[in-house]
There are 2 protein chains.
Amino acid sequence: MQGVQHITSADNARLKQAVKLHRRSGRREAGEFLIEGPKLLHEAVKSGVALRAVFCEERSLEIAGRLGAPDIFVVPARLLQKLCDTESPQGCVGVAAIPACGAAPLETQGCYLVLENIQDPGNVGTILRTAEAFCVSAVLVLGATADLYGPKVVRSAMGSLFRQRVRFFESAQLLREALSEAGIRLYGAALRGDTRSITACGLGPGTAVAVGNEGSGLTQELLALCDGTLKIPMGAATESLNAAVAASIIMWEMSRETRREEV
Amino acid sequence: MQGVQHITSADNARLKQAVKLHRRSGRREAGEFLIEGPKLLHEAVKSGVALRAVFCEERSLEIAGRLGAPDIFVVPARLLQKLCDTESPQGCVGVAAIPACGAAPLETQGCYLVLENIQDPGNVGTILRTAEAFCVSAVLVLGATADLYGPKVVRSAMGSLFRQRVRFFESAQLLREALSEAGIRLYGAALRGDTRSITACGLGPGTAVAVGNEGSGLTQELLALCDGTLKIPMGAATESLNAAVAASIIMWEMSRETRREEV
């Protein structure tokens, strides 16, 4: 049975609690994150994400009701805005439980993308979206990568965040151990003396590729743990690609190789 | 000989003129656009873009002086902020002439990317950056695509805007005529009954691929003028890729095919 309550004051405890989810620390503490707009909320529910509450304007009450959240809070537009990261909110915002990401062992025949210190949330969201499209077994997250449950990541992942498998690692060393245990090769996207073209590496099953920070690339620590490095061949004048573009081309090549092996 | 002037009032005519360049109409009228920060300004000068003036804070006067602009205006930080799209300006902003894009005929052996109504300036900038990296002969721009000289495109293109060849077309029909004249095949990134995988189309020299709006894809008008349609094979749950990612994978495949023919 759903409970519908009206909130009219910015001092309401449930509203204040939800506003805290804008900050990473607030999300960590509560184990919850915000999802904006009916389209994304619907995707979340369809994908099995547990909604704990929905805040909505009066006009969106019917839509909110269909999402199956235990609590619905009807709020005026000015209060809903407090929960929104976008300038034009779409009538409802949900509070969802951050899913447990689990620690299942990696698969020997899997394809993995490693993110190390990717800073821009738009890049992280776009990478998750591409990862799902190209059937990446899991995205492995290291270091100071943008919080996956921040509003801009949630938005730019376009629902893939709710479905793409993700695992977090405390250190490059622990990541390396998990990969080695499953017999997975690790390539770093970086230029060294022995760097090979992405088309010559054999990015089929049993491969992980790490992409690093937009400005500074992979850390020396992670590079030292790689079995090899790879590059995307490009014209001389260009220094680099956008991080999400580079990661996407790597994942595309992985899926290309995987399909080739299946034929 | 460079002239250095100090501006202290927001009512200064040159400053007000420059502020107008934030808007597309202002850029059209003046034939000028803004470039933020020393790194991008340096790239622009190196790439042959004509700087008409630089506005800078006192602390950045030396850097500004080395850019070779005929006029330098020293302004307080609060006035420089008026010229900035970013929240943390980097001490100087330049006014540059929008380069003539020319109307040279297309090359029979060229590789072209067509943008139709791409809305997000970040996507457009990222696409220009990738186009340069993968040696696309020219980016052909149609319809209501985001203005290439808007601040977010300038920023996300990371300097490629200053070097990548670009041509604008008034209509899909005129684009089709220019392509046909050079004997170039046109593919549309869209799903139809006859859509083939991007890996089966032969995207080598003499090919153009059109990508459409983030939400609605290519227009029926342009689709009717395509020789065929192509798709990037992906997992079932995913509706689509980010537009810049899709365009980047298409350009990567073009460069892959081109290099194969060169071998």
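Residues numbered from 1 in each chain as written. Chains lettered and ligands numbered in written order. Predicted model: local features only at pLDDT ≥ 70, side-chain atom pairs only at ≥ 80, totals over all residues. Heavy atoms only, no water.

### Quick notes on the overall build of chain A
And then number 1: Regarding its fold elements, chain A presents 10 helices and 12 strands.
And then number 2: For 263 residues, the compact-globule estimate of 2.2 N^0.38 gives 18 Å, and the C-alpha radius of gyration of chain A, at 20 Å, lies within 12% of that figure.
And then number 3: Its C-alpha atoms give chain A principal-axis dimensions of about 65 × 40 × 30 Å.
And then number 4: A buried classification covers 56% of the 263 residues belonging to chain A.
And then number 5: Looking at chain A alone, contacts between residues at least 24 apart form 76% of all its contacts between residues at least 6 apart.
And then number 6: When the accessible surface of chain A is totalled, it reaches about 11,600 Å², and 51% of it is carbon and sulfur.
And then number 7: Averaging the positions of the 28 positive and the 28 negative side-chain charges in chain A gives two centres separated by 2 Å. (Helix = DSSP H or I, 4+ residues; strand = E, 2+ residues; numbered from the N terminus. Rg over C-alpha atoms; globule rule 2.2 N^0.38 Å. Buried < 20%, exposed > 50% of the residue type's maximum accessible area, 1.4 Å probe, protein only. Contact = heavy atoms within 4.5 Å. Areas by Shrake-Rupley, 256 points an atom, 1.4 Å probe, with all protein chains shown as cover. Lys, Arg positive; Asp, Glu negative; His and termini not counted. Charge placed at Lys NZ, Arg CZ, Asp CG, Glu CD.)

### Concerning the pairing of strand E3 (residues 51–56) of chain B
Residue and element names in this part refer to chain B.
And then number 1: Counting buried positions along E3 gives 5 out of 6 residues, so the element sits mostly inside the fold.
And then number 2: Taken together, the 5 bridges between E3 and strand E5 (residues 92–97) define a ladder with antiparallel strand orientation. Paired with Phe55 across the two strands is Val93, which belongs to E5. (Pairing = 2+ DSSP bridges.)

### Focus on the pattern of salt bridges
And then number 1: Across all of its chains, the model carries 27 salt bridges over all chains by this definition.
And then number 2: With its nearest N and O atoms 3.4 Å apart, the salt bridge here joins Arg66(A) to Glu62(A). The two residues Arg66(A) and Glu62(A) agree in class, both being exposed.
And then number 3: Notably, a salt bridge pairs Arg192(B) with Asp194(B), separated by 3.3 Å at the nearest N-O pair.
And then number 4: Taking the relative accessible area as the measure of exposure, Asp194(B) reaches 44% and is therefore partly exposed.
And then number 5: Taken together, the salt bridges that share partners define one network made up of Glu43(A), Lys46(A), Glu132(A) and Arg163(A). (Salt bridge = Lys/Arg side-chain N within 4 Å of Asp/Glu carboxyl O.)

### Some thoughts on the UniProt feature "domain: RNA 2-O ribose methyltransferase substrate binding" (unreviewed entry) in chain A
And then number 1: With numbering aligned to this structure, UniProt lists the feature "domain: RNA 2-O ribose methyltransferase substrate binding" (unreviewed entry) at residues 34–102 of chain A.
And then number 2: Helix makes up 26% of residues 34–102 of chain A and strand makes up 28%, while its end C-alpha atoms are separated by 21 Å. (UniProt positions renumbered as here; feature names shortened; annotations may be inferred.)

### Brief notes about the packing of aromatic side chains
And then number 1: Applying the stated criterion to the full structure yields 8 aromatic pairs over all chains.
And then number 2: Members of the aromatic cluster, joined through ring pairs, are Phe33(A), Tyr149(A) and Phe162(A). (Phe/Tyr/Trp six-rings, centres within 6.5 Å; stacked < 30°, edge-to-face > 60°.)

### Digging into the domain arrangement of chain A
Note: interface size is frequently given as the accessible area lost on complex formation between the parts.
All names here are of chain A.
And then number 1: For chain A, the assigned domains read domain 1 (3–97) and domain 2 (111–262).
And then number 2: In this assembly, 12 residues from domain 1 lie in contact with 14 residues from domain 2.
And then number 3: Buried area between domain 1 and domain 2, summed over both chains or domains, comes out near 1,200 Å², and the portion from carbon and sulfur atoms is 60%.
And then number 4: Between the two partners, domain 1 and domain 2, sit 3 salt bridges.
And then number 5: Residues Glu43 and Arg163 are paired through a salt bridge, measuring 2.6 Å at the closest nitrogen-oxygen approach.
And then number 6: Taken together, the connections running from domain 1 to domain 2 amount to 5 residue pairs in polar contact (both at pLDDT 80 or more).
And then number 7: When residues of the side of domain 1 that touches domain 2 are traced back to their parent elements, those giving at least two are helix H2 (24–30), strand E2 (32–36) and helix H3 (38–46).
And then number 8: Of the residues contributing to the side of domain 1 that touches domain 2, the split by class is 6 nonpolar, 2 polar and 4 charged. (Domains from an automatic or database assignment. Buried area = accessible area lost by both parts, 1.4 Å probe. Polar contact = N/O pair within 3.5 Å; in protein donor to acceptor, adjacent residues only side chain to side chain. Nonpolar A, V, L, I, M, F, W, Y, C, P; charged D, E, K, R; others polar.)

### Some remarks on the sheet that holds strand E2 (residues 32–36) of chain B
Residue and element names in this part refer to chain B.
And then number 1: Pairing is mixed in the open sheet, where 5 strands are placed in the order E1-E4-E3-E5-E2. Looking at which strands have only one partner, the edges of the open sheet turn out to be strand E1 (3–6) and E2. Across this sheet, the average inter-strand angle for adjacent strands is 20°, counted without regard to direction. (Axes fitted to C-alpha atoms, helices over the stretch in contact; angles between N-to-C directions.)

### Observations regarding the relation of the copies chain A and chain B
Relating the two copies of this chain is a rotation about some axis coupled with a shift parallel to it.
And then number 1: Least-squares fitting of chain A to chain B yields an RMSD of 0.0 Å, with the transformation described by 0.0 Å of translation along the axis and a rotation of 180°. As the rotation angle and translation indicate, the two copies are arranged about a two-fold axis.
And then number 2: A high fraction, 100%, of the interface residues of chain A reappear at the interface in chain B, so the copies pair face to face through one surface. (Least-squares fit on C-alpha atoms with pLDDT ≥ 70 in both.)

### Brief notes about the interface of chain A and chain B
And then number 1: With 28 residues of chain A in contact, the opposing surface of chain B contributes 28 residues.
And then number 2: Between chain A and chain B, a total of about 2,400 Å² is buried, with carbon and sulfur atoms accounting for 57% of that surface.
And then number 3: Where chain A meets chain B, there are 2 salt bridges.
And then number 4: One salt bridge connects Arg256(A) with Glu253(B), and the closest N-O pair in it is separated by 2.7 Å.
And then number 5: Here chain A is connected to chain B by 10 residue pairs in polar contact (both at pLDDT 80 or more).
And then number 6: Of all the secondary structure elements, the ones that give two or more residues to the side of chain A that touches chain B are helix H6 (121–133) and helix H10 (243–262) of chain A.

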